[in-house]
Amino acid sequence: MTYQPPAIYGIIGNPVAHSLSPVMQNAAFKALGVNAVYKLFPLVDDGELRLFMEDIKEKANPIFGLNVTVPYKEKVLPYLDSLDPLARKTGAVNTLVIDHQRKIRGFNTDGPGFLAHLGELQFDPCDKSIIVLGAGGAARAIIGVLCLMGPQGPKSIRVFNRTRARVQTLIEEIQKEIDTDIIKGLERIEDLTSVDMLINTTRVGMQADDGLLFNPDLMHQGMLVYDVIYNPVETKLLQEAKQHSAATANGLGMLFYQGVLALSHWANVEPNQRVKKIMREALRGS
Ligand code: ATR
């Protein structure tokens with residue numbers, strides 16, 4: 001028997017050390033009996049991203065799939081050979097598939113992962129009023145899939161971001177791809193009375209000393225506060241939301257569902273119930 005080096009998969013981003021994707025995907029590879037390893041690839045800046053993506057094109061490179069996280073979900077686009085329709089519509093990519101010709105195809109599994117988690121939470125976005133914090137790649141994915149729901153989707157999505165110009169760009173670019181008029185910019189968060197769901201897509205809350213982006217006393221019973229952050233399990237935002245009797249959810253469910261979809265793209269087949277259960281248990285146990 002000759003030694004076969006494992007196929008390499010992994011996640012690129014900054015930071016990535018907190019990521020639970022290795023635990024989940026390595027458990028899946030083991031359950032599937034495939035010779036593959038999922039690794040962390042911290043890339044400190046755009047220059048490292050460029051070198052890494054150029055290297056991916058090399059014939060001998062053993063990487064066949066990647067997840068992409070903060071802050072590269074949009075920045076990775078110029079390096080891709082093709083995009084699946086949702087990645088094109090949202091302008092954000094979080095999963096890459098690299099074939100044997102070293103062609104790189106970008107997918108967005110964040111958006112469908114988010115919707116699948118909302119289904120599990122039994123939250124129906126139809127006719128709801130939603131606020132999104134952030135205007136990066138995760139925001140694009142979530143806003144994109146919500147807009148694509150059309151009349152079955154929310155009645156309004158208001159986007160609040162530190163860098164205001166980025167909100168305008170997000171709205172214009174999504175509207176070029178999706179026929180929607182429900183997205184608006186939001187300059188200040190002063191009133192949440194009629195808001196059904198608030199979604200944090202920023203990285204604020206990952207660090208213990210991070211503050212809040214608005215007055216927490218505005219949160220109330222009857223709204224769902226969703227934080228895409230899953231590590232820590234409960235951000236300051238979610239703690240405050242609970243104290244104000246709002247329903248809460250962290251991003252662990254979204255991580256799971258996007259991971260199942262990513263694995264489907266890499267393996268070319270949807271993982272069966274047994275493998276999905278192992279992925280869930282790996283996340284719970286970590
Ligand atoms: P990703 O593509 O994974 O969403 P990103 O594009 O870097 O990552 O987006 C991160 C989001 O977190 C952005 O909305 C960013 O705001 P800016 O557009 O103003 O950079 C937001 N963010 C990151 N650090 C922040 C901070 N300290 N305060 C407020 N917002 C922050």
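Description of the structure in this document. Bear in mind that the values here come from a model prediction, so they are computed numbers and not experimental data. (Residues numbered from 1 in each chain as written. Predicted model: local features only at pLDDT ≥ 70, side-chain atom pairs only at ≥ 80, totals over all residues. Heavy atoms only, no water.)

1. What about the packing of helix α1 (residues 21-32) against helix α8 (residues 252-267)?
Right, on to step 1. Where α1 contacts α8, the two axes come as close as 11 Å, and the packing angle between them is 45 degrees. Classified by the angle between their axes, α1 and α8 sit oblique to one another. The two elements α1 and α8 cross, and the hand of that crossing is right-handed. Between α1 and α8, the contacting residues are S21, M24, Q25, A28, F29 and L32 on the first element and L255, F256, Q258, G259, A262, L263 and W266 on the second.
Right, on to step 2. Looking at the contact of α1 with α8 residue by residue, the classes come out as 9 nonpolar, 4 polar and no charged. (Axes fitted to C-alpha atoms, helices over the stretch in contact; angles between N-to-C directions. Helix = DSSP H or I, 4+ residues; strand = E, 2+ residues; numbered from the N terminus. Parallel < 35°, antiparallel > 145°, perpendicular 65-115°, else oblique. Left-handed = near helix turned anticlockwise from the far one by under 90°. Contact = heavy atoms within 4.5 Å. Nonpolar A, V, L, I, M, F, W, Y, C, P; charged D, E, K, R; others polar.)

2. With respect to the sheet that holds strand β2 (residues 36-42)
Right, on to step 1. Spatial strand order, β2-β1-β3-β5-β6-β4: 6 strands in an open sheet with mixed pairing. Strand pairing shows two members of the sheet lacking a second neighbour, β2 and β4 (82-83), which therefore form its edges.
Right, on to step 2. Bridge count for strand β3 (residues 63-68) against strand β5 (residues 95-98) is 3 bridges, and the pairing is antiparallel. From the neighbouring strand, G65 faces β5, where its bridge partner is V97. (Pairing = 2+ DSSP bridges.)

3. Points about the site of the ligand
Right, on to step 1. The full set close to the ligand counts 17 residues, and G137, N161, R162, T163 and R166 are the nearest of them.
Right, on to step 2. The contact in question runs from an oxygen atom of the ligand to an N or O atom on the side chain of R203, over 3.4 Å.
Right, on to step 3. Its free accessible area being 630 Å², the ligand has 85% of it covered by the protein chains.
Right, on to step 4. Classifying every residue of the shell around the ligand gives 6 nonpolar, 6 polar and 5 charged. (Near = heavy atom within 4 Å. Polar contact = N/O pair within 3.5 Å; in protein donor to acceptor, adjacent residues only side chain to side chain. Areas by Shrake-Rupley, 256 points an atom, 1.4 Å probe, with all protein chains shown as cover.)

4. Quick look at the environment of K277
Right, on to step 1. If you trace the backbone, K277 turns up in helix α9 (residues 273-284).
Right, on to step 2. Between the C-alpha atoms of K277 and C147, which are 130 residues apart in sequence, the distance is 30 Å.

5. What about the side chain of K73?
Right, on to step 1. Following the sequence through the fold, K73 ends up in the loop between β3 and β4.
Right, on to step 2. Polar side-chain contacts of K73 include one of 2.8 Å to the side chain of D110.
Right, on to step 3. Apart from the residues within four sequence positions on either side, K73 is in contact with V68, G91, A92, V93, N94, D110, G137 and A138.

6. Some words on the nonpolar core
Right, on to step 1. Counting 27 residues, the largest nonpolar core has F114, I143, I157, I183, M197, I199 and Y226 as its most contacted members.
Right, on to step 2. For this core, the elements supplying multiple residues, two or more each, are α4 (110-120), β7 (129-133), α5 (137-148), β8 (156-160), α6 (164-177), β10 (197-200) and β11 (224-227).
Right, on to step 3. By residue number, the principal contributor to this core is α5, which donates 5 residues.
Right, on to step 4. With residues up to four places along the chain from it excluded, the contact list for Y226 reads F114, H117, L118, L121, M197, L198, I199, N200, A249, N250, G251 and M254. (Core = buried A, V, L, I, M, F, W, Y, C linked by side-chain atoms within 4.5 Å. Buried < 20%, exposed > 50% of the residue type's maximum accessible area, 1.4 Å probe, protein only.)

7. What to know about α8
Right, on to step 1. The end-to-end C-alpha distance of α8 is 22 Å, a good match for the 22 Å that 16 residues give at a rise of 1.5 Å each.
Right, on to step 2. Taken together, the buried positions of α8 are G253, M254, L255, F256, Q258, G259, V260, A262, L263, S264 and W266.
Right, on to step 3. Note on α8: the residue one or two positions beyond its end, N268, has a positive phi of about 65 degrees. (Expected span 1.5 Å × (residues − 1).)

8. A closer look at the sheet that holds strand β9 (residues 183-185)
Right, on to step 1. Spatially, 6 strands are ordered β9-β8-β7-β10-β11-β12 in an open sheet, and the strand pairing comes out parallel. If you trace the sheet from one side to the other, it starts and ends with β9 and β12 (247-249), each paired once. Put simply, the sheet's adjacent strands are angled 20 degrees from each other on average, direction ignored.
Right, on to step 2. Taken together, the 3 bridges between β8 and β9 define a ladder with parallel strand orientation. Bridging across to β9, R158 finds its partner in K184.
Right, on to step 3. On top of the sheet, α4 reaches β10, β11 and β12; it is set at about 140 degrees to β11, its chief contact.
Right, on to step 4. Sheet contacts for α6: β8 and β9; angle to β9, the most-contacted strand, approximately 160 degrees.

9. Observations regarding α9
The periodicity of an α-helix, 3.6 residues per turn, causes residues three or four positions apart to be oriented the same way.
Right, on to step 1. The first and last C-alpha atoms of α9 sit 16 Å apart over 12 residues, in line with the 16 Å expected at 1.5 Å per residue.
Right, on to step 2. By the burial criterion, the buried members of α9 are V275, K276, M279, A282 and L283. The buried residues of α9 all sit within an arc of 120 degrees when viewed along its axis, so they share a single face. In this structure, α9 carries Q273, K277 and R284 as exposed residues pointing more than 90 degrees from its buried face.
Right, on to step 3. Residues of α9 that are buried make contact with α1 and α8.
Right, on to step 4. Its side-chain oxygen placed 3.2 Å from the backbone nitrogen of R274, N272 serves as the N-cap of α9. (Arc of directions from axis to C-beta.)

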